[in-house]
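Observations on the three-dimensional arrangement
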Amino acid sequence: MKIFVSTGEVSGDLHLSYLIKNILSIDSTVEFYGVVGEHCKALGVESILDIKDLAIMGFFEALKKYKFLKQKAYEYLDFIKENKIEKVILVDYGGFNLEFLKLLKEHLPEVEVFYYIPPKLWIWGKKRIKKLRLADHIMVIFPWEVEFYKRYGIEAIYYGNPFIEKYPFIEERGDKILLLPGSRKQEVTSLLPVMIDLVKNSDEKFLLKLPDKKTFKWVEFDLSQFSNLEISEDSLEECVKRSKIAIAASGTVTLELAIMGLPAIVVYKTSLLNYLIGKYLLKIKYISLPNLTENKEVYPELIGKDFTKEKVLEKMEYMLDNINETKSNINDIRKKLYGENITRSYGKYILKGKKDV
């Protein structure tokens, strides 16, 4: 069996690699081709395009890339046809993959399409559901998505969240405050100054984790001057073991922290335009995945001008003073995301396909 895969970001490549690894453990003869990154290439996926070539930051860059992406979409269609590929797995990356899905069904309707981790249409662009429903199968990793799609007459498959299999629940932890300012330049340059202000004015011990060495180019401080700040290159799991609470940029990492059981404060700085879009157009109640999972504020969210040293200290004090309540709320998140043989179940579902469903 030949399968074409398409993702566009590191997180999607990582989730796809878990899926591919499980599919190959079930059937080692499956051949994978497509648009992937380092995680999937390490498993033997034949790369048609590296996701590094898809990096898009900002509206005008996206416009410049439009022609390039459209050309690539037709090249992928030709590749799928020429190589007699039977199935396609799309992972996240809705800006491209939804358009690609439409083209697939227009030109190669016989190819079976699985959309794994569809874009967050419950936040952005419910109008795009019309395109998403073209997929033969939609596989989600959050329980509330099943009900959301059901309201639009779409059946979504849910076995649990794959991070449950990756991260253990960590009972014993240390005394440090873990700082996670994100992986993008805009995040690091806007969030780290407030975090450093906290370091400078506190007797607490801090642990800073940046994703890679290139990120340090965006740091405008001499971090070595702070005796109560340690920079760690350890894994996230090891950092969690040494920490009592985290201050983390909004993103997937907040879900990873919740699964490992670490209390956290979610922070983000955004432009006035994005803030107004979120507040008045999208009507988002929460931005972090742990809070969306429980539909309540388990992790305090400090967004924009609310992200200050004073408010961080206030929220941190409350969470640690009420640690039993905090732990209970975090445990509820893990329970909702729990499943057995999660990624393997998604893999089996793909191999089984519509012929036997």
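Residues numbered from 1 in each chain as written. Predicted model: local features only at pLDDT ≥ 70, side-chain atom pairs only at ≥ 80, totals over all residues. Heavy atoms only, no water.

With that settled, the discussion passes to the packing of helix H13 (residues 309-321) against helix H14 (residues 323-337). For the pair H13 and H14, interaxial distance at closest approach is 5 Å and the crossing angle is 90 degrees. With respect to their mutual orientation, H13 and H14 come out roughly perpendicular. In this structure, H13 uses Tyr318, Met319, Leu320 and Asp321 to contact H14, whose residues at the interface are Ile323, Glu325 and Thr326. A class-by-class count of the residues in the contact of H13 with H14 yields four nonpolar, one polar and two charged. (Axes fitted to C-alpha atoms, helices over the stretch in contact; angles between N-to-C directions. Helix = DSSP H or I, 4+ residues; strand = E, 2+ residues; numbered from the N terminus. Parallel < 35°, antiparallel > 145°, perpendicular 65-115°, else oblique. Contact = heavy atoms within 4.5 Å. Nonpolar A, V, L, I, M, F, W, Y, C, P; charged D, E, K, R; others polar.)

Next up on the list: the sheet that holds strand E3 (residues 46-50). Pairing is parallel in the open sheet, where seven strands are placed in the order E3-E2-E1-E4-E5-E6-E7. Both outer strands of the open sheet, E3 and strand E7 (156-158), are each paired with one neighbouring strand and no more. Strand after strand, the sheet turns through a mean of 20 degrees between neighbouring axes, direction not considered. Two elements, strand E1 (residues 2-6) and strand E4 (residues 87-91), share four bridges in a ladder whose sense is parallel. Within E4, the residue paired with Ile3 across the bridge is Lys87. Across the sheet, helix H6 (residues 143-150) is in contact with strand E6 (137-140) and E7; its angle to E7 comes to roughly 165 degrees. (Pairing = 2+ DSSP bridges.)

Looking now at the pattern of salt bridges. Applying the stated criterion to the full structure yields 15 salt bridges. Between Asp136 and Lys105 there is a salt bridge, and its shortest N-O distance comes to 2.8 Å. With a gap of 31 residues between them, Asp136 in the loop between helix H5 (129-132) and E6 and Lys105 in helix H4 (residues 94-107) connect regions that are remote in the sequence. Using a relative accessible area of 30% as the deciding quantity, one classes Asp136 as partly exposed. Put simply, Asp306 and Lys311 hold a salt bridge, and the shortest N to O gap is 3.1 Å. Among the residues examined, Asp306 registers a relative accessible area of 29% and is labelled partly exposed. On the accessibility criterion, Lys311 (34% relative accessible area) is partly exposed. (Salt bridge = Lys/Arg side-chain N within 4 Å of Asp/Glu carboxyl O. Buried < 20%, exposed > 50% of the residue type's maximum accessible area, 1.4 Å probe, protein only.)

The end-to-end C-alpha distance of H14 is 22 Å, a good match for the 21 Å that 15 residues give at a rise of 1.5 Å each. Among the residues making up H14, those that are buried are Thr326, Asn329, Ile330, Ile333, Arg334 and Leu337. An end-on view of H14 places all buried positions within 145 degrees of arc, on one side of the element. Residues of H14 that are exposed and point over 90 degrees away from its buried face: Asn324 and Lys335. (Expected span 1.5 Å × (residues − 1). Arc of directions from axis to C-beta.)

On to the pairing of strand E11 (residues 243-249), then. Among the seven residues that make up E11, six are buried, leaving the element largely enclosed by the rest of the structure. In this sheet, E11 lies alongside strand E8 (residues 176-180) in parallel orientation, the contact comprising five bridges. Paired with Leu180 across the two strands is Ala248, which belongs to E11.

Between helix H10 (residues 252-260) and H14, the shortest axis-to-axis distance is 8 Å and the interhelical angle comes to 100 degrees. It follows that H10 is roughly perpendicular to H14 by the angle criterion. Listed contacts from H14 to Leu255, Ala258 and Ile259 of H10 are Ile330, Ile333, Arg334 and Leu337.

Once that is clear, we can look at the nonpolar core. The nonpolar side chains of a soluble globular protein tend to be buried, and buried together. One finds Ile89, Leu178 and Leu257 to be the most contacted residues of the largest nonpolar core, which totals 85 residues. Among the elements that take part in this core, helix H8 (residues 185-200) stands out by supplying eight residues, more than any other. Here Leu257 is in contact with Leu178, Leu180, Leu236, Val240, Ala246, Ala248, Leu262, Ala264 and Tyr299, once residues within four sequence places are set aside. Core analysis: the second largest hydrophobic core is formed by 36 residues, Leu69, Ile129, Phe148 and Ile154 among them. (Core = buried A, V, L, I, M, F, W, Y, C linked by side-chain atoms within 4.5 Å.)

Turning our eyes to something else, we now look at H10. Counting buried positions over the nine residues of H10 gives eight, a clear majority of the element. If you check which residues of H10 are buried, you get Val253, Thr254, Leu255, Glu256, Leu257, Ala258, Ile259 and Met260. With its phi angle positive at about 90 degrees, Gly261 sits one or two positions after the end of H10.

A few words now on the packing of aromatic side chains. One pair of aromatic rings is described through two measures. These are the centre distance and the angle between the planes. Summed over the entire model, instances satisfying the criterion amount to 15 aromatic pairs. Their ring planes at 40 degrees and their centres at 6.2 Å tell us that Tyr93 and Phe96 sit as a pair that is tilted. Phe96 shares its class with Tyr93; the two are buried. For the pair Phe142 and Trp144, a centre-to-centre distance of 4.8 Å together with 20 degrees between the ring planes defines the contact as stacked. By relative accessible area, Phe142 is classed as buried at 6%. Through a chain of ring-to-ring contacts, three or more aromatic side chains come together here, namely Phe4, Tyr33, Tyr76, Phe79, Tyr93, Phe96 and Phe100. (Phe/Tyr/Trp six-rings, centres within 6.5 Å; stacked < 30°, edge-to-face > 60°.)

With that settled, the discussion passes to the side chain of Glu256. Inspection of the secondary structure puts Glu256 in helix H10. A polar contact is formed between the side chain of Glu256 and the side chain of Tyr167, at a distance of 2.5 Å. Other than its neighbours up to four places away in sequence, Glu256 contacts Phe163, Tyr167 and Leu236. (Polar contact = N/O pair within 3.5 Å; in protein donor to acceptor, adjacent residues only side chain to side chain.)

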